[in-house]
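Here is how the chains run, residue by residue.
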Amino acid sequence: MRRTIFLFLLGIFCASLLSDAISVYIFHDVDKEMIGHWNEAFAGLCTESVLFVVIVGGGVTLLTFVGRRFYHLKGYSPRAKLALFLGIGVTILQYPWDFIGRVAFPKLADSSLALYLIVAIIFCSIVIVRDNFRQMKLCQASAASFDS
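Residues numbered from 1 in each chain as written. Predicted model: local features only at pLDDT ≥ 70, side-chain atom pairs only at ≥ 80, totals over all residues. Heavy atoms only, no water.

> So what exactly am I meant to see when it comes to the nonpolar core here?
Generally speaking, soluble globular proteins have nonpolar side chains that are buried together. Ranked by internal contacts, the top residues of the largest apolar core, which has 14 residues, are Phe8, Ile12, Phe52, Val56, Val60, Val90 and Cys124. The set of elements that each furnish at least two residues to this core consists of α1 (2-26), α2 (38-70), α3 (80-104) and α4 (109-147). In terms of residues, this core owes the most to one element, α4, which gives five residues. Non-local contacts of Val90, meaning those with residues more than four positions away in its chain, are made with Phe52, Tyr116, Ala120 and Cys124. Judged by nonpolar contacts, the second largest core, of five residues, contains Val24, Val30, Met34 and Ala41. (Core = buried A, V, L, I, M, F, W, Y, C linked by side-chain atoms within 4.5 Å. Buried < 20%, exposed > 50% of the residue type's maximum accessible area, 1.4 Å probe, protein only. Helix = DSSP H or I, 4+ residues; strand = E, 2+ residues; numbered from the N terminus. Contact = heavy atoms within 4.5 Å.)

This is the structure:
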């Protein structure tokens, strides 16, 4: 399970750094006062990325741990590659969500990001726990076929 969570966090962090670099250096999507100060803007986005990793990763870790205890999935582990791609996907979807939220609802941009954090944490936790169920069923099916 530790490997799964580690790869989830790694996927979020690496995708965040790449997304931040593209956002600043290619799209020049920075605050008005940061125009021309690209390295400072990139450093600020990297700080936000670390916070994003801590918030989403911590929430997913906590909810996944609770879900595994609740459903008695202790001996089974979800696929690590799924968690890596889930972390990358959550990060890649965050930028368009943020951009559309700022364009469509400029006064509610912060609320839009808070909603995204909540949805991302719950969605990722559900996917990881569900995959844990699948792994449990696969192990039980292979054990049953081995016994027959």
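What follows picks up the thread again.
> Could you clarify how one ought to interpret the packing of α1 against α2 in this entry?
Two measures define how a pair of helices packs: the angle their axes make with one another and the distance between the axes. Across the interface, α1 lies against α2 with an axial gap of 9 Å and an inter-helix angle of 155°. Taken together, the axis directions place α1 and α2 in an arrangement best described as roughly antiparallel. The element α1 and its partner α2 pack so that their crossing is right-handed. Grouping the constituent residues of the contact of α1 with α2 by class yields 19 nonpolar, six polar and one charged. (Axes fitted to C-alpha atoms, helices over the stretch in contact; angles between N-to-C directions. Parallel < 35°, antiparallel > 145°, perpendicular 65-115°, else oblique. Left-handed = near helix turned anticlockwise from the far one by under 90°. Nonpolar A, V, L, I, M, F, W, Y, C, P; charged D, E, K, R; others polar.)

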